Amino acid sequence: MAKTWQNVIDEARVILQDTESPFRLPTTALTAKLNRGLQELRRLRPDAFWDMFDRDDVTAPEIVALDLDTDDEPDEFDPDEDGQVGLSADFNLDLMFYAPLVYWVVSSAELVDDEFTTDGRAAMLMQQFKQMVVSL
């Protein structure tokens, strides 16, 4: 079964122990953290996006819950139009970047969620993201 962008959010929720609805952390908040992770991945490993774009202009897609452009398919990435990808779209990066992005979402969420975690765990997961991305 192919992974989707939603699977990144779902796996992050398991680690965050936030799997029961109503969720403590809104999907929009976790999606925003995923988008920041994609920007950081682009900074550290622009080659991760070469298959998606012209190599002269490497940008990260923006993951959105709903495609607000009604002329477009919500799950199709159209870099010329809006640069957005729906949460239900296939995870179209190499799978070696999947786990690091899950760790990014978790660590970013834990930095603001002081109820169930410590800053040490968030820092460790953030470092794990970077180590996995640059040592591939």
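See above for the structure.
Here goes a summary of the coordinates provided. (Residues numbered from 1 in each chain as written. Predicted model: local features only at pLDDT ≥ 70, side-chain atom pairs only at ≥ 80, totals over all residues. Heavy atoms only, no water.)

**Considering the overall build of the chain**
(1) Moving on: Looking only at helices and strands, one finds four helices and two strands in the chain.
(2) Moving on: The helix and strand sequence of the chain, counted from the amino end, reads α-α-β-β-α-α.
(3) Moving on: Counting all 136 residues of the chain, 42% fall into the buried class.
(4) Moving on: Contacts in the chain between residues far apart in sequence, at least 24 positions, make up 56% of those at least 6 positions apart.
(5) Moving on: Carbon and sulfur atoms form 49% of the exposed surface of the chain, whose accessible area is close to 7900 Å². (Helix = DSSP H or I, 4+ residues; strand = E, 2+ residues; numbered from the N terminus. Buried < 20%, exposed > 50% of the residue type's maximum accessible area, 1.4 Å probe, protein only. Contact = heavy atoms within 4.5 Å. Areas by Shrake-Rupley, 256 points an atom, 1.4 Å probe, with all protein chains shown as cover.)

**Let's talk about the nonpolar core**
(1) Moving on: The biggest cluster of nonpolar side chains holds 32 residues, and the ones touching the most others in it are Trp5, Leu41, Leu93 and Leu101.
(2) Moving on: Contributions of two or more residues to this core are made by α1 (5-15), α2 (27-44), α3 (98-112) and α4 (119-134).
(3) Moving on: No other element matches the seven residues that α3 contributes to this core.
(4) Moving on: With near-sequence residues (within four places) excluded, Trp5 lies in contact with Leu34, Leu38, Ile63, Val85, Gly86, Leu87, Ala89, Asp90, Phe91, Asn92, Leu93 and Leu101. (Core = buried A, V, L, I, M, F, W, Y, C linked by side-chain atoms within 4.5 Å.)

**Structural notes on the packing of α1 against α2**
(1) Moving on: The N-to-C vectors of α1 and α2 enclose an angle of 110 degrees; their axes lie 10 Å apart at closest approach. In terms of their interaxial angle, α1 and α2 are classed as roughly perpendicular. For the element pair α1 and α2, the recorded crossing hand is right-handed. Seen from α1, the contacting residues are Trp5, Val8, Ile9 and Arg13; seen from α2, they are Thr27, Leu30, Thr31, Leu34 and Leu38.
(2) Moving on: Each residue belonging to the contact of α1 with α2 can be placed in one class, and the counts come to six nonpolar, two polar and one charged. (Axes fitted to C-alpha atoms, helices over the stretch in contact; angles between N-to-C directions. Parallel < 35°, antiparallel > 145°, perpendicular 65-115°, else oblique. Left-handed = near helix turned anticlockwise from the far one by under 90°. Nonpolar A, V, L, I, M, F, W, Y, C, P; charged D, E, K, R; others polar.)

**Structural notes on the environment of Leu93**
(1) Moving on: Following the sequence through the fold, Leu93 ends up in the loop between β2 (84-86) and α3.
(2) Moving on: On the accessibility criterion, Leu93 (6% relative accessible area) is buried.
(3) Moving on: Put simply, Leu93 and Ala48 are 45 residues apart on the chain and 6.7 Å apart in space, counted from C-alpha to C-alpha.

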